[in-house]
Amino acid sequence: MALRLGDIAPDFTTDTTEGTITFHTWKEGSWGVLFSHPKDFTPVCTTELGYTAKLSSEFAARGVKVIGLSVDPIDRHAEWAKDIEETQGTAVNFPMIGDPDRVVADLYDMIHPNANDTMTVRSVFVIDPANKVRLTLTYPASTGRNFDEILRVIDSLQLTDGYRVATPVNWTKGDDVIIVPALSNEEAKELFPGGWDEQKPYLRVTKSPV
Ligand code: BEZ
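Residues numbered from 1 in each chain as written. Predicted model: local features only at pLDDT ≥ 70, side-chain atom pairs only at ≥ 80, totals over all residues. Heavy atoms only, no water.

**Regarding the overall build of the chain**
Stated formally: Numbering of helices and strands runs from the N terminus; a helix is a DSSP stretch of H or I covering at least four residues, while a strand is a stretch of E covering at least two. Exposed residues in this analysis have more than 50% of their type's maximum accessible area, buried residues have under 20%, and partly exposed residues fall in between, with area computed by a 1.4 Å probe over protein chains only. We call two residues in contact whenever any of their non-hydrogen atoms come within 4.5 Å of each other.
A tally of helices and strands in the chain yields seven helices and 11 strands. Summarising its shape, the C-alpha atoms of the chain cover approximately 60 × 35 × 35 Å along the three principal directions. For the chain, the proportion of its 210 residues judged to be buried stands at 44%. For the chain, long-range pairs separated by at least 24 residues make up 65% of all intrachain contacts whose partners lie at least 6 apart in sequence.

**Re the pairing of strand β6 (residues 122–127)**
The side chains of a regular strand alternate, first on one face of the sheet and then on the other. For clarity, the threshold we go by: Whether two strands pair comes down to DSSP finding at least two bridges between them.
Across the six residues that make up β6, a large majority, six, are buried. Both faces of β6 are covered, namely the face carrying Arg 122, Val 124 and Val 126 and the face carrying Ser 123, Phe 125 and Ile 127. Here strand β3 (residues 31–36) pairs with β6 via four bridges, running antiparallel. Paired with Val 33 across the bridge in β6 is Val 126.

**A word on the packing of helix α2 (residues 43–54) against helix α4 (residues 74–88)**
How two helices pack is summed up by the angle between their axes together with the distance between the axes. Inclusion rule: Fitting a line to C-alpha atoms yields each axis, with helices limited to the stretch in contact; the angle taken between N-to-C directions then spans 0 to 180 degrees. Put simply, angles under 35 degrees are roughly parallel, angles over 145 are roughly antiparallel, angles from 65 to 115 are roughly perpendicular, and the rest are oblique.
The geometry of α2 relative to α4 is characterised by a closest axis approach of 9 Å and an angle of 75 degrees between their N-to-C directions. One element, α2, and the other, α4, form an angle in the roughly perpendicular class. Facing α2, whose interface residues are Cys 45, Thr 46, Thr 47, Leu 49, Gly 50 and Lys 54, α4 presents Trp 80, Ile 84, Thr 87 and Gln 88.

**Here's the deal with the pairing of strand β1 (residues 13–16)**
A one-sided burial pattern is seen for β1, the buried positions being Thr 14 and Thr 16 and the unburied ones Thr 13 and Asp 15. Hairpin connection, β1 to strand β2 (residues 19–22): the antiparallel pair is bridged by two residues.

**Structural notes on the site of the ligand**
Using the following cut-off: Proximity is defined per residue: any heavy atom of the residue falling within 4 Å of a molecule or strand makes that residue near it. In protein, a polar contact means a hydrogen-donor-capable atom and an acceptor-capable atom, both N or O and within 3.5 Å, with residues adjacent in sequence counting only if both atoms are side-chain atoms; elsewhere, any N or O pair within 3.5 Å suffices. Per-residue and other accessible areas follow the Shrake-Rupley method at a 1.4 Å probe size, with only the shown protein chains counted as cover for residues.
Taken together, the neighbourhood of the ligand is formed by Pro 38, Thr 42, Pro 43, Val 44, Cys 45, Met 119, Arg 122 and Ala 141. Within the backbone of Val 44, a nitrogen or oxygen atom sits 2.7 Å from an oxygen atom of the ligand. Residue Arg 122 places a side-chain N or O atom 3.0 Å away from an oxygen atom belonging to the ligand. Relative to its unbound accessible surface of 260 Å², the ligand loses 79% to contact with the protein.

**Considerations on the side chain of Thr 16**
Within the fold, Thr 16 resides in strand β1. The exposure class assigned to Thr 16 is buried, which follows from its relative accessible area of 2%. Here Glu 18 takes part through its backbone nitrogen, which lies 2.9 Å from a polar atom of the side chain of Thr 16. Within the local environment of Thr 16, its side chain forms a polar contact with the backbone oxygen of Gly 19, the two atoms lying 2.7 Å apart.

**Quick look at the environment of Ser 36**
Along the chain, Ser 36 falls in strand β3. Its relative accessible area of 0% is what places Ser 36 among the buried residues. What Ser 36 contacts, discounting residues up to four positions off in sequence, is Leu 69, Met 110, Thr 120, Val 121, Arg 122, Ser 123 and Arg 145.

**Re the domain arrangement of the chain**
Quick reminder of the rule: Segmentation into domains, and thus their bounds, comes from an automatic or database assignment.
Splitting the chain by domain gives domain 1 (13–147) and domain 2 (163–206). The gap between the C-alpha centroids of domain 1 and domain 2 is 35 Å.

Okay, here's the thing in structure tokens:
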């Protein structure tokens with residue numbers, strides 16, 4: 001069955017371009033982004049991996065470790081990494097899982113046979129420090145993902161884990177937030193002494209607490 005939000009991300013031990021990794025041990029205490037790309041030496045994947053490498057300081061600032069996967073072997077990944085560096089101007093600075101036997105791809109349901117029975121779809125899993133799945137995304141092979149959006153969701157998850165707020169449409173870090181409906185006005189006065197704009201009793205907008 002496909003992984004659902006709140007499930008524990010399955011652990012695995014696998015070969016990567018940075019050596020053998022046991023997933024839970026590798027990410028221990030950190031957030032993680034595990035993402036699949038359909039195939040090495042393909043154009044859209046080349047741009048995605050280059051861009052993700054360029055975001056390394058953004059991921060690090062949020063305490064996030066990134067790991068990629070395709071069903072190609074690691075020696076192919078290593079060859080392809082040279083092309084990524086040459087064309088995208090950044091070396092790949094995160095491990096890439098070589099999964100020719102599809103062990104991890106099957107564990108995370110990354111092959112959708114009615115779309116393609118040999119390549120992974122473009123899956124993304126955001127996994128929290130307790131190893132819970134907090135976001136899943138599935139994109140088709142022909143559409144490159146927006147990795148800025150993945151950072152945006154991580155910002156929202158990290159904020160809403162710490163405060164009794166939710167983030168509205170198209171929110172980005174620093175924008176106003178919404179006080180969770182479960183919080184009474186009495187409780188909200190304690191937590192949000194600066195007050196809020198009550199557009200409806202269930203729609204209370206306030207400054208971001210951080
Ligand atoms: C690509 O990354 O460009 C790609 C990979 C598989 C199918 C289609 C496009």
